[in-house]
Amino acid sequence: MEKGSAKKKTAVISIDVEEWYHLEYFDRSKCDESVSVLDGFDSFVELVEKYGIKSTYFIVGELIDSIQDKLKKLHSKGNDIALHSWSHKRPVSLNEGEFIQDMNRSLEEMKKIHSEKCGYRAPCFSLNRDYLNQIINEGFLYDSSRINQEEHPLYTSLDISDFKSVVPNSIYDKGGFKEFEVSTIKFLGLSIPISGGGYLRIIPWPIYSMLFKRYIKNNDHYNLFIHPFELSSKKITTPKETSFLTNFRFNYNRRKVKRRMEKLILLLKKNGFEFKTFKELTR
Ligand SMILES: [Zn+2]
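Because the structure is a prediction, the values reported are computed rather than measured.

Reading the values: rules and limits
Residues numbered from 1 in each chain as written. Predicted model: local features only at pLDDT ≥ 70, side-chain atom pairs only at ≥ 80, totals over all residues. Helix = DSSP H or I, 4+ residues; strand = E, 2+ residues; numbered from the N terminus. Rg over C-alpha atoms; globule rule 2.2 N^0.38 Å. Buried ≥ 20, exposed ≤ 12 C-beta atoms within 10 Å, placed from the backbone. Contact = placed C-beta atoms within 7 Å. Pairing = 2+ DSSP bridges. Axes fitted to C-alpha atoms, helices over the stretch in contact; angles between N-to-C directions. Parallel < 35°, antiparallel > 145°, perpendicular 65-115°, else oblique. Left-handed = near helix turned anticlockwise from the far one by under 90°. Core = buried A, V, L, I, M, F, W, Y, C linked by C-beta atoms within 7 Å. Right-handed = clockwise from strand over helix to strand, strands pointing away. Expected span 1.5 Å × (residues − 1). Arc of directions from axis to C-beta.

What should I look at first to understand the overall build of the protein chain in this one?
Helix and strand content of the protein chain: ten helices and twelve strands. On C-alpha atoms alone, the protein chain measures out to a radius of gyration of 18 Å, which is about the 19 Å that the 2.2 N^0.38 rule sets for 283 residues. For the protein chain, the spread of C-alpha atoms along the three principal axes comes to 55 × 45 × 40 Å. By residue count, 40% of the 283 residues in the protein chain fall in the buried class. Considering only residue pairs separated by 6 or more positions, the protein chain has 75% of its internal contacts joining residues 24 or more positions apart.

Hey, could you run me through the pairing of strand S10 (residues 190-193) in this one?
In summary, the side chains of a regular strand alternate between the two faces of the sheet. Looking at chain direction, strand S9 (residues 184-187) and S10 are connected through four bridges and run antiparallel. Bridge assignment links phenylalanine 187 to a residue of S10, and that residue is leucine 190. Linkage of S9 to S10, two consecutive antiparallel strands, is achieved through a turn of two residues, within which leucine 188 is found at a positive phi near 50°.

Help me understand the environment of glutamate 138, please; the structure alone is not making it clear to me.
Note that glutamate 138 resides in the loop between helix H4 (129-137) and strand S5 (142-147). Note: C-alpha distance between glutamate 138 and lysine 117 (21 residues apart in sequence) is 9.7 Å.

What's the story with the packing of helix H6 (residues 205-218) against helix H9 (residues 257-270) in this structure? I'm lost.
Each pair of packed helices can be summarised by the angle the axes make with each other and by the distance between the axes. In contact at an axis separation of 11 Å, H6 and H9 are set at 25° when each is read in the N-to-C sense. The orientation of H6 with respect to H9, classified from their angle, is roughly parallel. Classified by chirality, the crossing of H9 by H6 is right-handed. Judged by residue contacts, Trp205, Phe212, Lys213 and Ile216 of H6 engage Arg260, Leu264, Leu267 and Leu268 from H9.

What should I look at first to understand the environment of phenylalanine 248 in this one?
Following the sequence through the fold, phenylalanine 248 ends up in helix H8 (residues 244-251). Classification of phenylalanine 248 by C-beta neighbours within 10 Å gives exposed; the count is 10. Separated by 34 residues in the primary sequence, phenylalanine 248 and threonine 282 place their C-alpha atoms 38 Å from one another.

Would you mind showing me how to read the nonpolar core here?
Soluble, globular proteins show a tendency: their nonpolar side chains are buried together. Counting 65 residues, the largest nonpolar core has Val17, Tyr57, Ile59, Ile81 and Ile226 as its most contacted members. Setting aside anything within four residues of it in sequence, one finds isoleucine 59 in contact with Val17, Ile64, Leu71, Ile81, Leu83 and His84.

I'm lost on the pairing of strand S2 (residues 56-59) in this one. Help?
What you see with S2 is no split at all: Thr56 and Phe58 on one side and Tyr57 and Ile59 on the other are buried throughout. By the bridge criterion, four bridges tie strand S1 (residues 10-17) to S2 in an arrangement that is parallel. The partner of valine 17 across the bridge, within S2, is isoleucine 59. Note on the crossover from S1 through helix H1 (residues 39-50) to S2: the handedness is right-handed. Sheet analysis places S2 next to strand S3 (residues 80-83), joined by four bridges and oriented parallel. Note that in S3 the partner of phenylalanine 58 across the bridge is alanine 82. For the handedness criterion, the β-α-β arrangement of S2, helix H2 (residues 68-76) and S3 is classed as right-handed.

I'm lost on H1 in this one. Help?
Helix length check: H1, at twelve residues, gives a terminal C-alpha distance of 17 Å against a target of 16 Å (1.5 Å per residue), a fit within 8%. Gly40, Phe41, Phe44, Leu47 and Val48 are the residues of H1 that are buried. Taken around the axis of H1, the buried residues stretch over an arc of 125°, which confines them to a single face. Residues of H1 that are exposed and angled more than 90 degrees away from the buried face: Glu46 and Lys50. The elements touched by buried residues of H1 are S1, strand S11 (221-226), helix H7 (228-231) and H9. Positive phi shows up at glycine 52, right after H1, with a value of about 65°.

Here it is as structure tokens:
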């Protein structure tokens, strides 16, 4: 934040635009890719536009072509169109050469939408410092792959100890490059992401909303992320061998997400939060 606006409270509503078969817990080769959940992407656009909110869209590169008209329109309206890898492979599962190739392929595809510097979010928040350095060197504007949650088996702890904290626990800076951390809150000794995604569906609403209210009272910045499948009305037939627990995690409370997001948006508005895109916050 610039001087004089340190007290301004900001929130970013973002969506990781990916298909259901990109999810780490499904074996993609066994998924029916002809079934799309991108109706959930349209629902997201409708929802944020209803509240006049400009958002950040992290797109899986291989989907850009199929939705390029919609993305161009969103970009022309001032939304932030950023990248979420080429095909949703976790960076830490790739070697350096593969990671650079993945990044460059996505950047090349993004030229169909815009040629500006853009932001990056790693699939499953699985970025390490070496790869963050590649992101910085490649000229990205910001990253939003850091989550302070050691409890999750897939998330990595991204070392940004040499970054300057701009907004505590939320926004960090190194020479103009920004890192936006996913919002978490300590509860019963655990870091609980109160930043949307599956947590918005799975944590019982009375607990989620209590933690959320506590968070926005004590913090100046809030990040929310969601996925198309969570807003999609499609019934997905998952691969036969999918476990009960995975199916539960995938489907539980999907139909409640829209309503819950609206409640969060209204609470943020009521508490004086201003909605921004990540790109706007880099200025
Ligand atoms: Zn993702």
